[in-house]
Amino acid sequence: MKILYITDIHGDENKYEKVIELAKRENVDAVINGGDIFPKRDNRMTHQYRFMRDYLDDYFKRLNEEGIEYYVMLGNDDLEMNDLEFDRLCQKYPNIHNIVDSKHKLGDYEIIGMNKILDTPYTQKERVIYEDNFSSDFEILPGGIKNIDGKYTIINNWPE
């Protein structure tokens, strides 16, 4: 079985196109995208939804037409406000699998995605968890960012 694993493309359409070209050329059985799939530039709330609607829908359609199995989850830079629409988009195509908190078969293997992480030393975000009694060589920044009622809100003391 041949698997192509990718992550952190951050909405770069050129990289997405290279992925589909490589998957076809190398005759891979599946692509696994580990997250951070949406753009993170400028106004994420606008750009991420637009990217999903204007690019990713067609991309998933092309993967489906090529018969490429695609296992994907949203990452810590992908806003939670898009989760429901993203899941609906994945369900449109039989070969696109949103793997977050669910099990999917890939040949003799099972894939389960988990996208809640401790993201040190970066600023805490929506999909990032804080662990009690965590110790690290990295300093955990005290602040964080969360989308509350459609606006980015700075959280000054994330652990609280």
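Residues numbered from 1 in each chain as written. Predicted model: local features only at pLDDT ≥ 70, side-chain atom pairs only at ≥ 80, totals over all residues. Heavy atoms only, no water.

### As for the overall build of the protein
In terms of regular secondary structure, the protein is built from three helices and eight strands. Each of the 160 residues in the protein was classed as buried or not, and the buried ones make up 42%. Expressed as a percentage of contacts within the protein between residues at least 6 apart in sequence, the contacts between residues at least 24 apart total 62%. Roughly 9400 Å² of accessible area belongs to the protein as shown, and the carbon and sulfur atoms make up 47% of that amount. (Helix = DSSP H or I, 4+ residues; strand = E, 2+ residues; numbered from the N terminus. Buried < 20%, exposed > 50% of the residue type's maximum accessible area, 1.4 Å probe, protein only. Contact = heavy atoms within 4.5 Å. Areas by Shrake-Rupley, 256 points an atom, 1.4 Å probe, with all protein chains shown as cover.)

### Section: the pattern of salt bridges
Enumeration according to the criterion identifies 10 salt bridges in this entry. Where K2 meets E26, a salt bridge forms, and the shortest distance between an N and an O atom there is 3.8 Å. Taken together, the residues K2 in the segment before β1 (3–6) and E26 in the loop between α1 (13–25) and β2 (30–33) connect sequence positions 24 residues apart. Note on K2: relative accessible area 37%, which makes it partly exposed. The partly exposed category is assigned to E26, whose relative accessible area is 34%. As a salt-bridge pair, D77 and K40 come within 3.5 Å of each other at their nearest N and O atoms. Of the two residues, D77 sits in the loop between β3 (69–72) and α3 (83–91) while K40 sits in the loop between β2 and α2 (44–66), which places them 37 residues apart along the sequence. (Salt bridge = Lys/Arg side-chain N within 4 Å of Asp/Glu carboxyl O.)

### Here we look at the environment of L22
Along the chain, the position of L22 falls in helix α1. Taking C-alpha positions, L22 is 8.6 Å from L4, a pair spaced 18 residues apart along the chain. Once residues within four sequence positions are removed from consideration, L22 is found in contact with L4 and N27.

### Digging into the environment of L74
Looking at where L74 falls in the secondary structure, it is placed in the loop between β3 and α3. With 39 residues separating them along the chain, L74 and G113 place their C-alpha atoms 9.3 Å apart. In this structure L74 touches G35, D36, I37, F38, D83, F86, V100, N115 and R127, once residues within four positions along its chain are discounted.

### Digging into a nonpolar patch on the surface
A contiguous nonpolar patch, built from M1, I3 and Y109 and spanning about 350 Å² of accessible area, is present on the exposed surface. Secondary-structure assignment places Y109 in strand β6 (residues 109–112). Take Y109: its relative accessible area is 54%, and that puts it in the exposed class. (Patch = residues over 30% accessible without salt bridge, like charges linked within 9 Å, V, L, I, M, F, W, Y side chains within 5 Å.)

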